[in-house]
2 protein chains.
Amino acid sequence: MKKLTSKEAAELLLSYDNVAVLMHRSPDGDTIGCAYALCLALRKLGKKAQPFCSDKIPQKMYSYILDGFEDQTFDIEHVVSVDIADQQLFGDGLERFRDKVELCIDHHGSNTCFAKSGIIVPEAAACAEIVKCIIEDMGVEADSRIADAIFTGITTDTGCFKYVSVTPATMRIAADMIEKGANSGMINRIMFDTKSHARLEAERLALDSMKFYFDNRIAVVFVTKKMLEISGAEESDTEGIASIPRQVEGVLAGITIKEKDNGICRISLRTAENIDASRICTFFGGGGHKAAAGCSIEGTVEQAEAKIVKAAQSVIEESI
Amino acid sequence: MKKLTSKEAAELLLSYDNVAVLMHRSPDGDTIGCAYALCLALRKLGKKAQPFCSDKIPQKMYSYILDGFEDQTFDIEHVVSVDIADQQLFGDGLERFRDKVELCIDHHGSNTCFAKSGIIVPEAAACAEIVKCIIEDMGVEADSRIADAIFTGITTDTGCFKYVSVTPATMRIAADMIEKGANSGMINRIMFDTKSHARLEAERLALDSMKFYFDNRIAVVFVTKKMLEISGAEESDTEGIASIPRQVEGVLAGITIKEKDNGICRISLRTAENIDASRICTFFGGGGHKAAAGCSIEGTVEQAEAKIVKAAQSVIEESI
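Note on numbering: residues in each chain are counted from 1, in written sequence order. Lettering of chains starts at A and numbering of ligands starts at 1, both following the order in which they are written. Where local features are concerned, this predicted model is filtered to residues with pLDDT of at least 70; where side-chain atom pairs are given and counted, the filter is 80 or more; whole-chain, interface and lining totals use all residues. The side-chain quantities take in all heavy atoms of the structure and omit both hydrogens and water.

Brief notes about the side chain of Thr152 of chain A
Working step 1: In DSSP terms, a helix is any run of H or I states spanning at least four residues, a strand is any run of E spanning at least two, and both are numbered starting from the N terminus. Looking at the element boundaries, Thr152 of chain A is found in helix H5 (residues 144-157).
Working step 2: Excluding residues within four positions of it along the chain, Thr152 of chain A makes contact with Gly29, Tyr62, Tyr64, Ile65, Ile187 and Met191 of chain A. We call two residues contacting when some pair of their heavy atoms lies within 4.5 Å.

Structure representation (structure tokens):
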């Protein structure tokens, strides 16, 4: 893959027309914000551009981005991907674009360099930071819709500017977007301050299920099929739960065990200090980052619990 | 009160020595961050300066500010207040400073102008934004300790950059402080991602107590003396609870009822959209802002609940 600077990526995009912009499956605010911002910018230059995703964009959550955005149909000439580290993340609906991406814009250090050209900036807290620079380098001034989309990418990928990944550049780009009209208060309210009744109920049940091990250094919560049934919660309502057990003071490994079909349990692990979450999950064929990783374990929730707690304890014992 | 610009406030401070810097009672991150940042800056100029507060600064939470900060004793010549809107907020321990404040630095529009001179900037999301400018205007370059203190003020007063009060200036000042060495990831982790066991248990009990009224447009949670006893939580552990009921989708008025001694209930009200929380609380002799207000109601929690729900419903009915 040919590595590009922001200016070179901008020049390439300026030479394109009829552009498909790909998002990753299970789209989050960053991939959505990047795709819509880039398409809006390309359209401001008189080009045709359309975002594509295997999964449906949650209409209710992202209505301020989706409403008023007109779909364009055209014969696709160029394919760009945003916030996609690996072609595995295309999902079934984008299989037809495999090995066809010409420009890959991403901030994952683990990017598999599947495109012809790419700009990969692991220091960027959100891919939207890179897209913002490229848009500027194309000579497009962000309007309030572009600003909303970029701001969405940044705030969602940083947990509302909470994570250690946030840099001065992250804050300054967000400042620029608020200045260009991003409705930051409304966006943060939707993303971080609104819970459905089902989500609230699922979180309440998860909190009630919390168990502690190893002198309170390990906390486990459960999301069982029965709990989903009682709460009426869907998969997406349970996403925030993974961060709950690690928030407890003194907890070094926060484990969330989700009961899936076919006797499989999905484990989400969040760690503090120097505990390597990725290493713990590797024991079970999973992986991830140092502070956040995941894996799947066969068996009942009780069996999965025993296995993952034992693995977490052994890694903590080595590390402290 | 003589109104000053940042430059004028800086000049005044440059003419001072042996300065007492006052914080408000029940100190939060903004008043603490402002006081320590300003004292550190004055000390860098060779002056003596000491922060004062009626209440103890929570050592565990703010250890990164307090540790290594040496207390100075001297004959106080000048008194400055930070983030204090009204002398009522001095608390008993600072009564001796009443009517003695020469310079008041604040961001509350409701400031009672109790000082000889003052700089009041209601557009600042945190008082720490103003203090940062004054420190710069004094010609002091922020070191990492000053940066930590200023960042603390900004992030705590904006809910980690979540509130609608955040401006481009807020974000840019935070960016500068990260650049000067503020340990932003660690500070946000302590402030927004760490819960004591007691706090977790208190939140769990509060969630379990949640009740809905008026087609789910009003949500109520309770913090009773019994719940505090069961959870082992202290007053400070229950602060985050007030934001919980309003987070539920569709809720226009989120009410938290805390049972106090002497048959009094303390009400915290958070509202969404155009519902005026201050007006609802005025019925009971309380007040506050449009989206966040409080009041006290005599009686049992059930009696307080009936009264505040009725008042909230009548205001919502008028407003929708």
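Points about the nonpolar core
Working step 1: Note on terminology: a nonpolar core comprises buried Ala, Val, Leu, Ile, Met, Phe, Trp, Tyr and Cys residues joined through side-chain atoms within 4.5 Å. Here's how the labels work: a residue is buried when its accessible area is under 20% of the maximum for its type, exposed when over 50%, partly exposed in between, all with a 1.4 Å probe on protein chains only. The biggest cluster of nonpolar side chains holds 120 residues, and the ones touching the most others in it are Leu38 and Ile105 of chain A together with Leu38 and Ile105 of chain B.
Working step 2: Residues Ala202 and Leu207 of chain A together with Ala206 and Leu207 of chain B belong to the second largest nonpolar core, which totals 32 residues.

A look at the sheet that holds strand S8 (residues 218-223) of chain A
All names here are of chain A.
Working step 1: Two strands form a pair only when DSSP identifies at least two bridges running between them. In spatial order, the strands read S7-S8-S9-S10-S12-S11; together these 6 strands make up an open sheet with mixed pairing. Single-partner strands in this sheet number two, and they are strand S7 (211-213) and strand S11 (287-288).
Working step 2: The pairing of S11 with strand S12 (residues 292-298) spans 2 bridges and is antiparallel. The partner of Gly288 across the bridge, within S12, is Ala293.

So, the pattern of salt bridges
When charged atoms on two side chains of opposite charge get close, those side chains can pair.
Working step 1: What counts as a salt bridge is simple: a side-chain nitrogen of Lys or Arg found within 4 Å of a carboxyl oxygen of Asp or Glu. Throughout the structure, instances matching the rule amount to 40 salt bridges over all chains.
Working step 2: Among the salt bridges present, the one from Arg246 of chain B reaches Asp193 of chain A, with a minimum N-O distance of 3.5 Å. Taken together, the residues Arg246 of chain B in the loop between helix H9 (225-231) and strand S9 (253-259) and Asp193 of chain A in the loop between helix H7 (184-192) and helix H8 (197-208) connect one chain to another.
Working step 3: Assessed through its relative accessible area of 12%, Arg246 of chain B is described here as buried.
Working step 4: Between Arg199 of chain A and Glu203 of chain A there is a salt bridge whose closest N-O contact spans 3.0 Å. Here Arg199 of chain A pairs with Glu203 of chain A, and both are found in helix H8, just 4 residues apart, close to one helical turn.
Working step 5: According to the relative accessible area criterion, Arg199 of chain A is partly exposed, its value standing at 22%.
Working step 6: Put simply, Glu201, Arg204 and Asp208 of chain A together with Glu201, Arg204 and Asp208 of chain B are held in one network by salt bridges that share partners.

Details of the relation of the copies chain A and chain B
Here two copies of a chain appear, and what relates them is a rotation about an axis with a shift along it.
Working step 1: For the match of chain A to chain B, the screw axis carries a shift of 0.0 Å, the RMSD comes to 0.1 Å, and the turn is 180 degrees. Such a combination of rotation and displacement between the chain copies is what one expects of a two-fold axis.
Working step 2: In this assembly the copies share their binding face: 100% of the residues contributing to the interface of chain A also contribute to that of chain B. When the copies are superposed, the least-squares fit draws on C-alpha atoms of residues that have pLDDT of at least 70 in both.

With respect to the packing of helix H5 (residues 144-157) of chain B against helix H6 (residues 168-179) of chain B
Residue and element names in this part refer to chain B.
Working step 1: Orientation is described by axes fitted as lines to C-alpha atoms, over the contacting stretch for helices, and by angles from 0 to 180 degrees between their N-to-C directions. Two elements in contact, H5 and H6, have axes separated by 9 Å at closest approach and are oriented at 150 degrees. With respect to H6, the element H5 is oriented roughly antiparallel. By crossing handedness, the relation of H5 to H6 is classed as left-handed. On H6, the residues touching Ala147, Ile150, Phe151 and Ile154 of H5 are Thr170, Ile173, Ala174, Met177 and Ile178.
Working step 2: The class makeup of the residues in the contact of H5 with H6 is 8 nonpolar, 1 polar and no charged. Should an angle lie under 35 degrees it is considered roughly parallel, over 145 roughly antiparallel, and from 65 to 115 roughly perpendicular; all remaining angles are considered oblique. Here a crossing is called left-handed whenever its near helix is offset anticlockwise from the far helix by less than a right angle, and right-handed whenever the offset is clockwise. Side-chain classes follow a simple rule in which Ala, Val, Leu, Ile, Met, Phe, Trp, Tyr, Cys and Pro form the nonpolar group, Asp, Glu, Lys and Arg form the charged group, and the remainder, Gly included, forms the polar group.

A closer look at the interface of chain A and chain B
Working step 1: Listed per partner, the contact involves 35 residues of chain A and 35 residues of chain B.
Working step 2: Once two parts are brought into contact, the accessible area they lose, counted with a 1.4 Å probe and summed over both, makes up the buried area. Approximately 3700 Å² of surface area, both sides summed, lies buried where chain A meets chain B, with 57% of it carried by carbon and sulfur atoms.
Working step 3: Taken together, the connections running from chain A to chain B amount to 12 salt bridges.
Working step 4: We note a salt bridge from Arg172 of chain A to Glu179 of chain B, for which the minimum N-O separation is 2.9 Å.

Some thoughts on H5 of chain B
Residues and elements named next belong to chain B.
Working step 1: The end-to-end C-alpha distance of H5 is 20 Å, a good match for the 20 Å that 14 residues give at a rise of 1.5 Å each.
Working step 2: Across the 14 residues of H5, 11 count as buried, placing the element largely inside the fold.
Working step 3: Close packing links the buried residues of H5 with helix H2 (29-44), helix H3 (63-66), helix H4 (127-137), H6 and helix H7 (184-192).
Working step 4: Gly159, located one to two residues past H5, shows a positive phi value of around 60 degrees. Between the first and last residue of a helix there are one fewer steps than residues, each counted as 1.5 Å, and that sum is the expected span.

Regarding the environment of Arg270 of chain A
Residues and elements named next belong to chain A.
Working step 1: On the secondary structure map, Arg270 appears in strand S10 (residues 264-271).
Working step 2: C-alpha of Arg270 to C-alpha of Val251: the two residues are 19 residues apart in sequence and 9.7 Å apart in space.
Working step 3: When near neighbours in sequence (up to four residues on either side) are disregarded, Arg270 contacts Ala242, Arg246, Leu252, Ala253, Gly254, Ala291, Ala292 and Ala293.

Remarks on the pairing of strand S3 (residues 49-52) of chain B
Residues and elements named next belong to chain B.
Working step 1: With burial as the criterion, each face of S3 is covered, one bearing Ala49 and Pro51 and the other bearing Gln50 and Phe52.
Working step 2: Sheet topology places strand S2 (residues 19-22) next to S3; 4 bridges connect them, and they run parallel. Bridge pairing in S3 links Leu22 to Phe52.
Working step 3: A clockwise path from the first strand over the helix to the second, with the strands pointing away from the viewer, defines a right-handed crossover. As for the winding sense of the linkage, the β-α-β connection from S2 through H2 to S3 is right-handed.

Details of the sheet that holds S9 of chain B
All names here are of chain B.
Working step 1: Ordered in space as S7-S8-S9-S10-S12-S11, the 6 strands form an open sheet in which the pairing is mixed. One side of each edge strand has no neighbouring strand; the edge strands of this open sheet are strand S7 (211-213) and strand S11 (287-288).
Working step 2: In this structure, strand S10 (residues 264-271) lies alongside strand S12 (residues 292-298), joined through 7 bridges in antiparallel fashion. Bridge pairing in S12 places Cys265 opposite Ile297.
Working step 3: Against the sheet, helix H11 (residues 301-319) makes contact with S7, strand S8 (218-223), S9, S10 and S12, and its axis sits at roughly 160 degrees relative to S9, the strand it touches most.

As for the confidence of the model for chain A
Working step 1: Confidence scores per residue from the predictor, reported as pLDDT, run from 0 to 100. The pLDDT averaged across chain A works out to 94; a share of 100% of its residues lies at or above 70.
Working step 2: Both scores are available for the predicted complex, with the pTM at 0.90 and the ipTM at 0.88.

Points about unusual backbone geometry
All names here are of chain A.
Working step 1: With a phi angle near 55 degrees, Cys113 is a residue other than glycine that sits in the positive phi range.
Working step 2: Phi at Cys160 is positive, roughly 60 degrees, even though this residue is not glycine.
Working step 3: Summarising the element assignment, Cys160 is placed in the loop between H5 and helix H6 (168-179).
Working step 4: The exposure class of Cys160 is buried, given its relative accessible area of 3%.

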